[in-house]
Amino acid sequence: SSYKTVSGTTINSNADNRIITGSGTANTLNGETNLSFSGSQLLQGGQTSAATAGYAGTLQVNGVNDNVTIAVNSFKNNDGGGNLVIGKSRNASVGSFTVLQNNDVIGAIRWSGDDGNDYESVAASIDVRIDGTPGSNDMPGRMIFSTTADGAANPTERMRIQSTGRILANTASPIDNNAAFSIKELTNYPLATKVDATGNTTQIAFNNGNGHVGSILTNGTATQYSTSSDYRLKENVDYTWDATTRLKQLKPARFNFISDNTNTLVDGFLAHEVESIVPEAITGTHNGMKDEEYETTPAVEEDG
């Protein structure tokens with residue numbers, strides 16, 4: 001019916017701010033040497049002082065060895081696993097809800113290093129942002145991967161995965177809206193591949209619903225562009241037509257491309273002239289136009 005007064009309590013390993021736990025022995029408590037609470041920060045790792053020169057989080061795991069680790073382990077006989085959840089709401093009250101907006105940051109992971117003064121400089125980061133208009137059971141998101149260049153203190157976006165599933169490298173917008181992967185060059189070219197083998201080796205393979213339909217192969221000295229051409233894939237094979245007459249209809253020409261500032265002459269064909277003779281060799285529409293949108297300013301409108 002009343003609390004009993006305990007006198008003579010002993011606290012082993014007593015120190016300021018340490019978390020106190022029971023030892024199982026009467027009148028004896030333990031000050032945990034690896035866990036302390038300063039009133040606003042929970043510290044783990046055997047350090048009683050919070051790190052303040054970088055990201056001074058409310059939960060810190062600080063140590064002086066290579067085993068400073070956070071592990072999330074799940075032991076259960078099913079297909080589930082451990083989870084690390086980062087959440088965000090626009091409501092200022094804990095437990096209340098206000099929908100997020102496009103481009104809001106849900107959370108981020110930062111890798112910061114000591115630059116000789118502090119460790120506030122970030123070497124790399126992964127950000128997750130809203131990528132569209134969220135609503136009930138609708139949360140479109142994108143992931144942004146950033147690294148910091150030599151001589152800089154803050155990271156620059158290098159790659160992102162959009163809510164649509166598109167992957168963009170070295171660009172923040174799709175180069176082609178029909179492409180699943182867009183990559184922009186850094187200096188000279190956007191993509192390089194390498195295989196260690198010097199014999200006939202596939203560098204890139206092309207597949208569709210029918211399976212493998214083509215590839216780019218290399219050997220020790222050359223590159224081969226390969227497509228399916230087996231006789232078992234073809235029918236109505238005819239050798240009786242006049243191939244020479246067909247070839248004579250083609251009109252080879254010399255020209256330079258308008259975009260080539262050097263006006264270098266090249267040998268080739270005009271696509272629409274080839275199309276009427278070998279239509280399967282040409283894609284696109286003769287005199288086709290690219291769909292574009294233009295915004296006129298009031299000044300342009302007044303000038304007619």
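From a predicted model like this one, the values you see are computed outputs, not experimental measurements.

Cut-offs applied
- Residues numbered from 1 in each chain as written.
- Predicted model: local features only at pLDDT ≥ 70, side-chain atom pairs only at ≥ 80, totals over all residues.
- Heavy atoms only, no water.
- Helix = DSSP H or I, 4+ residues; strand = E, 2+ residues; numbered from the N terminus.
- Buried < 20%, exposed > 50% of the residue type's maximum accessible area, 1.4 Å probe, protein only.
- Contact = heavy atoms within 4.5 Å.
- Areas by Shrake-Rupley, 256 points an atom, 1.4 Å probe, with all protein chains shown as cover.
- Pairing = 2+ DSSP bridges.
- Axes fitted to C-alpha atoms, helices over the stretch in contact; angles between N-to-C directions.
- Patch = residues over 30% accessible without salt bridge, like charges linked within 9 Å, V, L, I, M, F, W, Y side chains within 5 Å.
- Salt bridge = Lys/Arg side-chain N within 4 Å of Asp/Glu carboxyl O.
- Phe/Tyr/Trp six-rings, centres within 6.5 Å; stacked < 30°, edge-to-face > 60°.

Honestly, the overall build of the protein chain in this entry has me stumped. Any pointers?
Looking only at helices and strands, the protein chain features three helices and 16 strands. In the protein chain, which comprises 304 residues, the proportion classed as buried is 13%. Considering only intrachain contacts with a sequence separation of at least 6, the fraction spanning at least 24 residues in the protein chain is 13%. Carbon and sulfur atoms make up 50% of the accessible area of the protein chain, which amounts to about 24,100 Å² in all.

Looking at this structure, how should I read the sheet that holds strand E10 (residues 167-169)?
Through backbone hydrogen bonds, the strands of a sheet pair up, either in parallel or in antiparallel fashion. Strand order across the open sheet formed by six strands is E6-E7-E8-E9-E10-E11, with mixed pairing between neighbours. For this open sheet the edge positions go to strand E6 (105-113) and strand E11 (181-183), each flanked by a neighbour on one side alone. Looking at each pair of strands side by side, their axes are set apart by 15° on average, direction ignored. Sheet topology places strand E7 (residues 121-130) next to strand E8 (residues 141-147); seven bridges connect them, and they run antiparallel. By the bridge assignment for E8, Ile 130 is matched with Gly 141.

Sorry, what's going on with a nonpolar patch on the surface here?
A contiguous nonpolar patch, built from Phe 37, Leu 42 and Leu 59 and spanning about 270 Å² of accessible area, is present on the exposed surface. Along the chain, Leu 59 falls in strand E5 (residues 59-61). A relative accessible area of 57% means that Leu 59 is categorised as exposed.

Which parts of the structure should I look at to understand the pairing of E7?
Walk down a regular strand and you will see the side chains alternate between the two sheet faces. Where E6 meets E7, eight bridges bridge the pair, whose relative direction is antiparallel. Bridging across to E7, Ile 109 finds its partner in Ile 126.

Is there a simple way to think about the pattern of salt bridges in this case?
Opposite charge on two side chains allows them to pair when their charged atoms are near. In the structure shown here, the tally under the stated rule is seven salt bridges. The salt bridge involving Arg 110 is made with Asp 127; its shortest N-O contact spans 3.0 Å. In this pair, Arg 110 sits in strand E6 while Asp 127 sits in strand E7, placing the two residues 17 residues apart along the sequence. Exposure remark for Asp 127: the relative accessible area of 9% places this residue in the buried category. The salt bridge partner of Asp 131 is Arg 142, with a shortest N-O separation of 2.9 Å. Residue Asp 131 is located in the loop between E7 and E8, and its partner Arg 142 is located in strand E8; the two are separated by 11 residues in the primary sequence. By relative accessible area, Asp 131 is classed as buried at 19%. Classification of Arg 142 as buried rests on a relative accessible area of 7%.

Explain the pairing of strand E14 (residues 223-227) to me, please; I cannot follow it from the model alone.
Sheet analysis places strand E13 (residues 211-218) next to E14, joined by five bridges and oriented antiparallel. Residue pairing across strands places Ile 216 opposite Tyr 225, the latter belonging to E14.

Help me understand the packing of aromatic side chains, please; the structure alone is not making it clear to me.
To describe a pair of aromatic rings, one takes the distance between the centres and the angle between the planes. Under the criterion given, the structure shown has one aromatic pair. Ring plane angle 85° and centroid distance 5.7 Å describe the contact between Phe 255 and Phe 257, whose orientation is recorded as edge-to-face.

Can you help me understand unusual backbone geometry in this one?
The backbone of Asn 103 shows a phi angle near 75°, a positive value even though the residue is not glycine. Taking the relative accessible area as the measure of exposure, Asn 103 reaches 37% and is therefore partly exposed. Positive phi, normally seen in glycine, also occurs at Asn 137, with a value near 55°. On the secondary structure map, Asn 137 appears in the loop between E7 and E8. Residue Asn 137 is classed as exposed on the basis of its relative accessible area, which comes to 83%.

Please clarify how the environment of Ile 86 should be interpreted in this entry.
Within the fold, Ile 86 resides in the loop between E5 and E6. Looking at Ile 86, the relative accessible area reads 46%, which means it is partly exposed. Spatially, the C-alpha atom of Ile 86 lies 6.1 Å from that of Gly 107, the residues being 21 residues apart in sequence. Non-local contacts of Ile 86, meaning those with residues more than four positions away in its chain, are made with Ile 106 and Gly 107.

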